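# Coordinate inspection notes
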Amino acid sequence: MSDGYAYLTRQLRPLLQAFLVAGVQKVVLSPGSRSTPLAILLGQLEDQGKLQLYVDVDERSAAFFALGLSKTSGQPVLLVCTSGTAASNYYPAICEAKASNVPLIVLTTDRPPELQQVGAPQTLTQDYMYAQQVKAFYRLVMPQSATTLNEIKYNIYIAQKAVYQALAYPQGPVHLNLPLQKPLLPNLDVTDDSLQVRPIFTKPQTLPEPALLQLVEQYLSGKKGLLVVGPALNCATGSQVICQFAQRYHWPILADPLSGLRGQSPEVLSTGDWICKNMASLPASYHPEVVLRLGATPVSAALSSWLTQAQITTVYLDAQRSFLDHTLQTDLVVPFEPSTILPKLHLQKASQSWLLQWQQLDQTIQKKLQSHLCKTHTLTEPKVAFGLAQALPRDAALFVSNSMPIREIDDYFWPAAPVKLWANRGANGIDGINSTALAMATQHQPAYLYIGDLAFFHDLTGLMMARQYQLDLTIIVQNNNGGGIFSFLPQAHETSQFEKVFGTPLDLDIATIARLYQAKYCQITTFDQLTSALHAPVKGLTILEVATQRASLVSFEQQLAQQVTHAIKDLPHAN
C-alpha cells in the first residue's frame, strides 16, 4: 500500500481522537464514497471499544437518530456523511437541534477545491450550508502529503473546539466540513502514535453572585407564586430541586408533559392547559402575583397566551442561556440551572391555602375529564393518551410525536408516578420521529412511541434501524387516516377543499408496513386491548395500530371542554 494511504491515516486518526477526548462517545455514520476513510477508521475505533458506531443509510433518518441519541443521553454526538445532497438531508434535524439546544457535531466530507464549481458529480457548496441553524462553522484542512504539523494540530484544535461550543450554553449543533481527495482508503496497519491528542478545553464553572440572589429574592419573596415548568432536557437532576422549592414555599407547579415532573410530587399539577383556557372564569384568589418560568416553550398554547395577556411579574430561570420568550413578558432572566440557584434562595412562604386551592382545582378537572372518558366506549384519541398514563410501566420512556399526540398527552396524561417523556418540540415538525424514538430506545427501556399515521409514514425508512440494531420499541400509531390537527383550525370551515389539501388521507396498510420491517403487529379496537398490549414486555419492534375517527374528534373534544367549564363554574366564588 502506498505512502499516500499512510499520510491519510496519520492525519485523520488524530482528528477522530480529538472528538473522543473532548467527550464524544457515540457516532452516527451515513455511508458514502467521499467519507470512506472516516468510515473505515470509525469502524476500527468501534472494534477497539473506543466508541459506539451506528450506521444509517438514510441521511435524514441518520440525523434524527443522532439527535435522539444526544437528546436522551445529554452527551454530544458526532454525525458523519459523504459529500453532495447527503449533507443537505441532515438539515431538518439540524434545525431541530438548534431550536431545542441539542449538542450535535456535524462532520460533512467534501470534494477537494479543484473539483468545486466545475460540474464534478456529487459536489455542492458545503461551506456554511446550514447557515444560521448551527452555532458555528469551520472548514478543516484537507489531508495531503505536504500537510504541516501545525495544520494537523489545527484540525485537532477545531474538533475539540466544536465539541466545546456544542456543549456551551446555549447548546446546539456545530458544522465541520472536511475536503478529501483521492486516495480515500486509509492504511489500518499504520501504528504511528507519536502525536498525542490531549483534552484542551474544560467546562466553564459559574455560580450566581450574591447580588443576583438578592434581586431574585426581591421578586419572589412573600408572593403568591406559580411555577411554570416547560420542556426540559435531562431534567432528572433538577426535578427534585424544583419540587422541593415548591413544597417549601407552597407554590403550585404547572408542569408541561415534557418537564419530567408529572407524577413527581403533590405540588405538580397536570391540567395546566385546561386551567389556562379557563383562567378568566377563575376567582381572583387563583391569580398569582409572580410567575417563575423554567424550561423551554410549553406545549400548551393556552398557557403561553395567558402569560402574554396576564401582565404578571415573570422571572425566567433560563438554564440554556437561550433567552427565548415569545410571550415577551419576562421581567428578569436568571441564566442558571434550577439546582444551581433554587436551593440558595431564602423566601418568605406563601400561605398553604394558596397551594391547596390549586391542588383541589387540578384534582377537580382530572376527575371530571376522567369520568367522561370512562363513560365513552369508543377508543377516542383523548382516551388513548389517558390510557398511556394508566398502563405504562413506572420506568417507561415515551417519545411523543408532534401534531395531535403531544396535545392529547398535555391534556390527558396524568401518571401516578414519573414517566420519562421526550419529543422534538424545538421546531415542532413531524419529520424524523421514528428515528429519534429509536435512538431513545438505545438509552432507555422499556421504550414506547406515540405517533399519528402521517408522522409515522413520514419516517418509514427510519424503522430499519430497529432491525439493524435489534432495538426494542413499541409504537402506538394513532390512525385517523389524515391530519387530525387541521380539524381544529380555521381551514376546517373551507369544506370544499379541506379533505383534499389538509385532511390528506393516505389509507395506510400498517399491517403490511409491519411485515416489511419484520415487526410484530396488533390492531387495537378497545381500551382493554390497549392497556393489555402496553403491559406486555417490550421486545423487538412492535406496532400497535389504534384506529380513531377524525370526523368526530372536534365534537368529542368540545364535550370534554364543556365538562371542565362546568367544573370551574361549580367552584366557590367563581366569576
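Further up the page is the structure itself.
Residues numbered from 1 in each chain as written. Predicted model: local features only at pLDDT ≥ 70, side-chain atom pairs only at ≥ 80, totals over all residues. Heavy atoms only, no water.

Along its 24 residues, helix H12 (residues 352–375) runs 35 Å from first to last C-alpha, staying within 8% of the 34 Å computed at 1.5 Å per residue. All buried positions along H12 are accounted for by Trp354, Leu355, Gln357, Trp358, Gln359, Leu361, Asp362, Ile365, Gln366, Leu369, His372 and Leu373. (Helix = DSSP H or I, 4+ residues; strand = E, 2+ residues; numbered from the N terminus. Expected span 1.5 Å × (residues − 1). Buried < 20%, exposed > 50% of the residue type's maximum accessible area, 1.4 Å probe, protein only.)

Moving on, we get to the packing of aromatic side chains. Using the criterion set out here, one finds 14 aromatic pairs in the structure. Ring geometry for phenylalanine 386 against phenylalanine 527: centres 6.1 Å apart, planes inclined by 25 degrees, an arrangement best described as stacked. Highlighted residues: phenylalanine 386 in helix H13 (residues 381–391) and phenylalanine 527 in helix H20 (residues 527–535), separated in sequence by 141 residues. By the burial criterion, phenylalanine 386 is buried, and phenylalanine 527 matches it. One aromatic cluster in this structure is built from Trp274, Phe386, Tyr412, Trp414 and Phe527. Seen from the ring of tyrosine 316, arginine 293 lies directly overhead, with NZ or CZ sitting 4.8 Å from the centre. Taking NZ or CZ as reference, arginine 321 lies 5.5 Å from the ring centre of phenylalanine 336, over its face. (Phe/Tyr/Trp six-rings, centres within 6.5 Å; stacked < 30°, edge-to-face > 60°. Lys NZ or Arg CZ within 6 Å of the ring centre and 35° of its normal.)

All right, on to the pairing of strand E17 (residues 520–524) then. Of the strand pairs in this sheet, E17 and strand E18 (residues 541–547) are connected by five bridges, and their pairing is parallel. Across the sheet, tyrosine 521 pairs through a bridge with isoleucine 543, a residue of E18. Running through H20, the crossover from E17 to the neighbouring parallel element E18 is right-handed. (Pairing = 2+ DSSP bridges. Right-handed = clockwise from strand over helix to strand, strands pointing away.)

Taken in spatial order, the six strands make up an open sheet running E14-E13-E15-E16-E18-E17, and their pairing is parallel. Across the chains shown, the open sheet's two edge strands, defined by having one partner strand only, are strand E14 (420–422) and E17. Recorded for the sheet is a direction-independent mean angle of 20 degrees between the axes of neighbouring strands. Bridge count between strand E16 (residues 473–479) and E18: seven bridges; the pairing is parallel. Across the sheet, the residue bridging to isoleucine 476 is leucine 544, located in E18. Against the sheet, H20 makes contact with strand E15 (447–452), E16, E17 and E18, and its axis sits at roughly 155 degrees relative to E17, the strand it touches most. (Axes fitted to C-alpha atoms, helices over the stretch in contact; angles between N-to-C directions. Contact = heavy atoms within 4.5 Å.)

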